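# Report on the structure
Now for the letters of each chain:
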Amino acid sequence: YEQEWHSSAALASPSSGSQGRWLVVGRADQELVAALVAILHERAVVVDMSDSERLLKCISDEAWDVVVHAAAVDADAGQQDVLESVLRVGLSIASRLRGASRDEVAPLLCVATFGTQCTRVGAAVPAPQHAGVWALLRCMRSELKGVRALAVDLQGSAASWSGPAVVQEVLRCLPGGG
């Protein structure tokens, strides 16, 4: 398995490719969630990770282009809670696909983490507690047919996290994306 790293500069403005419906999992008061909502406006719906009933209903009952799980960038989010939530979201997407028409495409599941990956030789990993999310996503991609998943590891401080950079990374993975 080969890992490839790319640094991304923040976009000056969101691409027109950010059209579509985005489900953002996280607290509305999180800086990253607020930045995504500011970019996506009415295209984004925010659901708190702790409201698992509403979250799973949104995934099963509505069509989404992207599901961004931002709970792992929350300093107060427990490791087990985040892993369980990401797993439930992935399984809900897979379950929806089983009952879908052949033409339906799963939403892209993007999980944002903070400081879980070492990007330079010899550098410390500042926040390894959510690194397991990366392994979970690799398993989802290989085991859950039709589930598309990616992780975006944010570096720096919360003040430097960029909604446009996350949007840019997600758009790169969508069909016809940047």
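Predicted model, so just to flag it, every value in this text is computed and none were measured.

### Digging into the pattern of salt bridges
Inspection of the entire model under this criterion finds four salt bridges. The closest approach of N and O atoms between Arg21 and Glu62, which form a salt bridge, is 2.9 Å. Of this pair, Arg21 sits in the segment before strand 1 (22-25) while Glu62 sits in the loop between helix 2 (52-61) and strand 3 (66-69), and the two are 41 residues apart along the sequence. Residue Glu62 is classed as partly exposed on the basis of its relative accessible area of 30%. Between Glu84 and Arg88 there is a salt bridge; the shortest N-O distance is 2.8 Å.

### As for the sheet that holds strand 5 (residues 148-154)
Pairing in this open sheet of five strands is parallel, and the strands run 2-1-3-4-5 from one edge to the other. Two strands bound the open sheet, and with one partner strand each, they are strand 2 (44-47) and strand 5. Taking the axes of each pair of neighbouring strands and ignoring which way they run, one obtains an average angle of 20° across the sheet. Packing of helix 1 (residues 31-40) onto the sheet brings it into contact with strand 1, strand 2, strand 3, strand 4 (108-114) and strand 5, and relative to strand 2 it is tilted by some 155°. Sitting on the sheet, helix 4 (residues 132-143) touches strand 4 and strand 5, and the angle it makes with strand 5 is about 160°.

### Examining the confidence of the model for the chain
Of all residues in the chain, 82% have pLDDT values of 70 or greater, and the mean over the chain is 80. Within the chain, no element has a lower average pLDDT than helix 5 (residues 163-173), which sits at 72, and none a higher one than strand 2, at 94. Below pLDDT 50 for its whole length, residues 9-17 participates in nine contacts with residues either more than four positions away or in separate chains.

### Section: helix 3 (residues 79-98)
Side chains of residues three or four places apart in an α-helix project in the same direction, reflecting 3.6 residues per turn. Given a rise of 1.5 Å per residue, 20 residues ought to cover 28 Å, and the 29 Å separating the end C-alpha atoms of helix 3 matches this to within 8%. Looking at the packing, one finds that the buried side of helix 3 touches helix 2, strand 3, strand 4 and helix 4.

Cut-offs applied
- Residues numbered from 1 in each chain as written.
- Predicted model: local features only at pLDDT ≥ 70, side-chain atom pairs only at ≥ 80, totals over all residues.
- Heavy atoms only, no water.
- Salt bridge = Lys/Arg side-chain N within 4 Å of Asp/Glu carboxyl O.
- Helix = DSSP H or I, 4+ residues; strand = E, 2+ residues; numbered from the N terminus.
- Buried < 20%, exposed > 50% of the residue type's maximum accessible area, 1.4 Å probe, protein only.
- Pairing = 2+ DSSP bridges.
- Axes fitted to C-alpha atoms, helices over the stretch in contact; angles between N-to-C directions.
- Contact = heavy atoms within 4.5 Å.
- pLDDT = per-residue confidence, 0-100.
- Expected span 1.5 Å × (residues − 1).

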